[in-house]
Amino acid sequence: MTVLSLIVFLPLAAAVVLGAARALPDAVSRWAWLGVTVAELVLVGVLVAGYDTPPDGGLAWEQRLRWIPSVNSSYHVGVDGLSLPLVALTAVVFCACAVHALKDARRPRAQAALFLFLQATCLGLFVAQDLILFFVFFDLSIVGMYFVIAGWGHGGAARSALKFFLYTFLGSLALLVGFIGLYLAADPHTFDIPELVAAAPLADDAVAGAWVLGAILLGLAVKTPTVPFHTWLPPAHTDAPAIGSAVLAGILLKMGTYGFVRIAMPALPGAWQAWAWVVLTVGVVSVLYGALVALAQTDVKRMIAYTSVNHMGYVLVAVGAAGVVADGAREARELAVTGAVTQMVSHGLITSALFLLAGVLHDRAGSYAMADFGGLAAPAPRYAGLFAVGAFASLGLPAFSGFVAEFQIFAGSIGATWFAVLAVPGILLTAALFLRAYQRLFTGPTVGRAEGFPDLRTHELLPVGGLLLLSLLIGVVPWPLLDLIAPAAETVVGLVSR
């Protein structure tokens, strides 16, 4: 077993053990969960430290085993500059969630087992190099998150979990149809992603390529989510537990955007060029709509949920702009794709931290309503300080990862097409909504449920502080991450230009 397979299956094995060990004390379950996530961080650190950019757009740590030979599908895994940053992000976010949940008394053994299972599905998807393997992990992540929301959520958790499952599962069916279309078009038939990318099987059939890409885009758009397929997201976040929202926003949404750069763009370059204006337009609408609706929210968790629509819209703007011209503006398009992957990492860190902070409000006061609080900075200065850092990081303040990502996205996208400039007001709207929320929650006299509000405890402070510190580190010293992503982004743009 290679280190990559060990990273995927270690949390799955631990989940099976925890699920079977019914007599295990609660404290042991919690610390076992944390121990596994720390071990995963170490293994991913080894992966990153030993990574060298493969030549000719290849894969590192590659492993391929016989699996379903009748349809030419194999257990094929590997990483490159597109997937390795997301593998590292997954390890970081799940470790932060394990720390945050150390004091949670609600069925800790089952919760630990479920989150370890969910971690395995996320890691498996990001390393998968076979469409069937990708789809299996894609669907299993839906199942895992359904039980997280339904089992540990609050409010209308059952209804929100069902809505999440039905929406995203329907999207996965569309994705499967697209994958089958790619398989049937390939000669010889295969589900292997590198082989499909090399063959570009529908390059000479514009009509079939458009239908197949449309099915894949629909499945990925629901997961991302983009307008108008986003309606499952706000209730799912509002009713999910804090750690569930952190994983949903920080990791699961990236499965959709990652699918664009891993599968849709390189395997269907001609169709992507034809659809690029649609993708770009949807991205601009998502940026502006997400920010405007977030600005109107009075529930802080719903507000953060809608900012995810806004921030994932930036990714669509970038990948759409990368396909609007078949040739020319090459460096700008590569910069846009590099910014898109950087944005996935940045959003995962910052928004996970914000959702963990929002969860503290509900844990302490049973409410996310901004009107129920005021002057929180006085009784909870650490909480107010970290929320301010998270808010400024999310709105793209220089020195944080969000600025690095958004600067590249806009510089590259506008360099490819003027249309991308229409998304720029989204930055101003994001600043307005976070400043408005901060004023209502933290400034002025201490009133309502803010009175006697306990400040952050150690198990809450450490994960949030760690996530935001990583965002700061990327913002100040971005070159290690960018050097990792840029060669893969160059390869993707080269493939789209075919």
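Located above this text is the structure these notes cover.
Keep in mind the model is a prediction, meaning the values are calculated, not measured.

## Focus on the overall build of the protein
Argument step 1. From N to C terminus, the protein includes 18 helices and 2 strands.
Argument step 2. Over its C-alpha atoms, taken along the principal directions, the protein stretches across nearly 65 × 55 × 40 Å.
Argument step 3. A burial count over the protein gives 62% of its 498 residues as buried.
Argument step 4. A separation of at least 24 residues holds for 83% of the contacts in the protein among residues at least 6 apart in sequence.

## What about the packing of helix α6 (residues 157-185) against helix α10 (residues 242-267)?
Argument step 1. Contact geometry of α6 with α10 gives a least axis separation of 13 Å together with a crossing angle of 20 degrees. Classified by the angle between their axes, α6 and α10 sit roughly parallel to one another. Seen along the crossing, α6 lies across α10 with a hand that is left-handed. Facing α6, whose interface residues are Phe 164, Phe 179 and Leu 182, α10 presents Leu 248, Leu 252, Ile 263 and Ala 267.
Argument step 2. Among the residues forming the contact of α6 with α10, the class breakdown is 7 nonpolar, no polar and no charged.

## Thoughts on the side chain of Glu 406
Argument step 1. Here Glu 406 is to be found in helix α15 (residues 401-416).
Argument step 2. Buried charge Glu 406 goes without a salt bridge, the closest partner of opposite sign being Lys 254 at 12 Å.
Argument step 3. In this structure Glu 406 touches His 311, Tyr 314, Gln 343, Ser 394, Leu 395, Gly 396 and Ile 427, once residues within four positions along its chain are discounted.

## Concerning a nonpolar patch on the surface
Argument step 1. A contiguous nonpolar patch, built from Leu 469, Leu 470, Leu 472, Leu 473, Val 476, Val 477 and Trp 479 and spanning about 650 Å² of accessible area, is present on the exposed surface.
Argument step 2. The element best represented in the nonpolar patch is helix α17 (residues 458-476), accounting for 5 residues.
Argument step 3. Mapping Leu 470 onto the fold places it in helix α17.

## A look at the layout of surface pockets
Argument step 1. In this structure, the largest pocket occupies an estimated 460 Å³ of space.
Argument step 2. Residue lining of the largest pocket: 17 residues in total, with Ala 88, Val 345, Leu 470, Ile 474 and Leu 481 positioned closest to the centre.
Argument step 3. Of all elements in the fold, only α3 (84-100), α13 (330-365), α17 and α18 (479-496) reach the threshold of two or more residues within the lining of the largest pocket.
Argument step 4. Take the lining of the largest pocket: its biggest share by element is 5 residues, from α3.
Argument step 5. Looking at side-chain class alone, the lining of the largest pocket contains 16 nonpolar, no polar and 1 charged residues.

## Some points on empty space enclosed by the protein
Argument step 1. For the coordinates displayed, the defined rule picks out 2 cavities of 30 Å³ or more.
Argument step 2. Size it by volume and the largest cavity reaches roughly 40 Å³.
Argument step 3. In terms of lining residues, the largest cavity is bounded by His 311, Gln 343, Ser 346, His 347, Ile 350, Thr 351 and Ser 394.
Argument step 4. A per-element tally of the lining of the largest cavity places α13 first, with 5 residues.
Argument step 5. For the lining of the largest cavity, a count of residues per class yields 1 nonpolar, 6 polar and no charged.
Argument step 6. Of the volumes computed, that of the second largest cavity is approximately 30 Å³.
Argument step 7. In terms of lining, the second largest cavity is formed by Ala 391, Phe 392, Phe 434, Leu 435 and Tyr 438.
Argument step 8. Going through the elements one at a time, α14 (381-394) and α16 (425-442) are the ones with two or more residues in the lining of the second largest cavity.
Argument step 9. When residues of the lining of the second largest cavity are assigned to their parent elements, the largest contribution, 3 residues, is made by α16.
Argument step 10. Split into classes, the residues belonging to the lining of the second largest cavity amount to 5 nonpolar, no polar and no charged.

## Re the packing of aromatic side chains
Argument step 1. Under the criterion given, the structure shown has 22 aromatic pairs.
Argument step 2. Ring centres 5.7 Å apart and planes at 75 degrees place the aromatic pair Trp 418 and Phe 419 in the edge-to-face group.
Argument step 3. The exposure class assigned to Trp 418 is exposed, which follows from its relative accessible area of 61%.
Argument step 4. Put simply, the rings of Phe 373, Tyr 383, Phe 387, Tyr 438, Phe 442 and Phe 453 pair up and form one aromatic cluster.
Argument step 5. Sitting over the face of the ring of Trp 152, Arg 107 holds its NZ or CZ atom 4.4 Å from the ring centroid.

What counts as what
- Residues numbered from 1 in each chain as written.
- Predicted model: local features only at pLDDT ≥ 70, side-chain atom pairs only at ≥ 80, totals over all residues.
- Heavy atoms only, no water.
- Helix = DSSP H or I, 4+ residues; strand = E, 2+ residues; numbered from the N terminus.
- Buried < 20%, exposed > 50% of the residue type's maximum accessible area, 1.4 Å probe, protein only.
- Contact = heavy atoms within 4.5 Å.
- Axes fitted to C-alpha atoms, helices over the stretch in contact; angles between N-to-C directions.
- Parallel < 35°, antiparallel > 145°, perpendicular 65-115°, else oblique.
- Left-handed = near helix turned anticlockwise from the far one by under 90°.
- Nonpolar A, V, L, I, M, F, W, Y, C, P; charged D, E, K, R; others polar.
- Lys, Arg positive; Asp, Glu negative; His and termini not counted.
- Salt bridge = Lys/Arg side-chain N within 4 Å of Asp/Glu carboxyl O.
- Patch = residues over 30% accessible without salt bridge, like charges linked within 9 Å, V, L, I, M, F, W, Y side chains within 5 Å.
- Areas by Shrake-Rupley, 256 points an atom, 1.4 Å probe, with all protein chains shown as cover.
- 1 Å grid on protein atoms, 1.4 Å probe; cavity = no way out; pocket = protein on both sides within 12 Å on 5 of 7 lines; lining within 4 Å.
- Points joined across faces, edges and corners; volume = space filled by probe spheres on them.
- Phe/Tyr/Trp six-rings, centres within 6.5 Å; stacked < 30°, edge-to-face > 60°.
- Lys NZ or Arg CZ within 6 Å of the ring centre and 35° of its normal.

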